[in-house]
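Summary of structural features
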Amino acid sequence: MSSSTASRPLFRAIDVIRNKRDGLELSRAEIEGLINGYTRAEIPDYQISAWLMAVVLRGMTRAETAALTDCMLRSGEVLDLSLLPGRKVDKHSTGGVGDKTSLVLAPLVAAAGIPVPMISGRGLGHTGGTLDKLESIPGFNVNLSVAEFRRVLETCGCAMIGQTAEIAPADRKLYALRDVTGTVESPYLICASIMSKKLAEGIDALLLDVKTGSGAFMKNENDAAFLAGLMVETGERMGKQTVALITDMDQPLGNMIGNALEVVEVIDVLRGGGPADLRELCLELAGWMLPMGEVSKTVAEGKQRSAELIASGKALDKFREMIALQGGDAHVLDDPKRLPQAQHTMSIESTKEGYLAAMQCEQIGTACVVLGGGRERKEDSVDPAVGIVLHKKVGDKVAAGEPLATLHYNSQARAQQAKQLMEASFQISDAPPASQRPLIHKVIEHSREKN
Ligand code: URA
């Protein structure tokens, strides 16, 4: 054994797993060894799965979270977009059901003159993923090289890709593993996952949409605020302007859930229509992004300008341009029937008259996964055509026998399982709900606690 090998401390993944299991604080070297070893395929999935579960159960300190984010960020290239004029701004959601705002926001904000370099994820747990939605557009390529990503961004002002072997490769692998091992719901892992890929993008400012409610990973507002604080603090530490909006996910956003179905709803919004909650949230998020990109002075002005960009068709034109540049069939914007269509539909009807008092939103997301819209195992492919169309939102009056939702499916057995989940997720009461939850719960602009 050479002297340099002998003096290097022995790294064993099993020791790091046991230390976390026993509640010890991990050193940066331990975290680095694990992340680098996994990225290079030297540590197997099963060991990382065990470690991830220990993190979910034991948590992480601020120092561990910072080290994890940093190691994941440095697992690949960190883009330098400083030669591209203007402030680069992006947004990221912590994950929801029917949350398709990224597909509206990238072209909308780019149409306002702000470059949007967006690195997104696939479906995660019961939530949908931007990449899976984009891939339902025939030909759309989310696996661009860094050079191609830059070219699309420079040409049209926005580009949307996934984590690659070059950018955030550690998140690419960990994300896929967490999806199928019940290890998503940790604020520390979510923070490191989101911030590592966002900080690799070369942005100046980041808007975070932190979801709360029965369809979110953070079910209550306090947990969402904690996660938002962690991410805002991480962004600030890295010198990026970071703002978090805590927004509602107690029922699906919009009416459509499922990859191609959600693209249809995105097209509706970019054409000036679409469901009110989705349209409102898109305008609110764009309203924040415009002043962050310094093209408007206030959020109200940003919202107004965004509404104009939709009304004039400029946001839709930008989406058309980006789809074509990334190899997709841009004719879907004029003829959404070119998107994948499921072979069958099934109606879910109300068994009684009353008001829709609540929806178990996570269960609705799980119903979409069961239909084939998400993954049960890492190697699964998603069925872009399947999903759910809701006909009622919380607070709506319902007659006995009236359709609450329609399932779009390709497998009878899967549809039966999804139907059971859907039926159990609707709560019908005699009286209307006493109050409606707000769409925006809170804004967090500066991290508060630091230790
Ligand atoms: N979005 C991400 O990119 N990562 C997570 O862990 C959750 C949501």
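Right, let's walk through the structure included here.

**Some words on the overall build of the protein chain**
- Check the secondary structure of the protein chain and you find 17 helices and 13 strands.
- For 451 residues, the compact-globule estimate of 2.2 N^0.38 gives 22 Å, and the C-alpha radius of gyration of the protein chain, at 22 Å, lies within 12% of that figure.
- Dimensions along the principal axes, computed over C-alpha positions, put the protein chain at roughly 80 × 45 × 40 Å.
- Pairs at least 24 apart in sequence give 78% of the contacts found in the protein chain among residues at least 6 apart.

**A short note on the site of the ligand**
- As a matter of local geometry, the ligand sits amid His-92, Ser-93, Thr-94, Leu-124, Tyr-175, Arg-178, Ile-190, Ser-193, Ile-194 and Lys-197.
- Here His-92 contributes a side-chain N or O atom positioned 3.0 Å from an oxygen atom of the ligand.
- Between a nitrogen atom of the ligand and a side-chain N or O atom of Ser-193, the distance comes to 2.7 Å.
- Taken by itself the ligand offers 240 Å² of open surface, and the protein chains cover 98% of this.

**Things to note about the sheet that holds strand 5 (residues 241-248)**
- Strand order in this open sheet of four strands is 1-4-5-13, and the pairing throughout is mixed. The sheet is open, and its two edges are formed by strand 1 (89-93) and strand 13 (440-444), each paired on a single side. Mean inter-strand twist for the sheet, computed between neighbouring axes without regard to direction, equals 20°.
- As paired strands, strand 5 and strand 13 are joined by four bridges and run antiparallel to one another. Its bridge partner being in strand 13, Ala-244 is matched across the sheet by Ile-444.
- Taken strand by strand, helix 10 (residues 187-199) contacts strand 1 and strand 4 (205-212), and its axis lies near 160° from that of strand 1.
- Where helix 11 (residues 221-237) meets the sheet, it contacts strand 4, strand 5 and strand 13, and its direction lies at approximately 165° from that of strand 5.

Scoring rules and cut-offs
Residues numbered from 1 in each chain as written. Predicted model: local features only at pLDDT ≥ 70, side-chain atom pairs only at ≥ 80, totals over all residues. Heavy atoms only, no water. Helix = DSSP H or I, 4+ residues; strand = E, 2+ residues; numbered from the N terminus. Rg over C-alpha atoms; globule rule 2.2 N^0.38 Å. Contact = heavy atoms within 4.5 Å. Near = heavy atom within 4 Å. Polar contact = N/O pair within 3.5 Å; in protein donor to acceptor, adjacent residues only side chain to side chain. Areas by Shrake-Rupley, 256 points an atom, 1.4 Å probe, with all protein chains shown as cover. Pairing = 2+ DSSP bridges. Axes fitted to C-alpha atoms, helices over the stretch in contact; angles between N-to-C directions.

Such coordinate-based values are descriptive only and should not be taken to indicate function.
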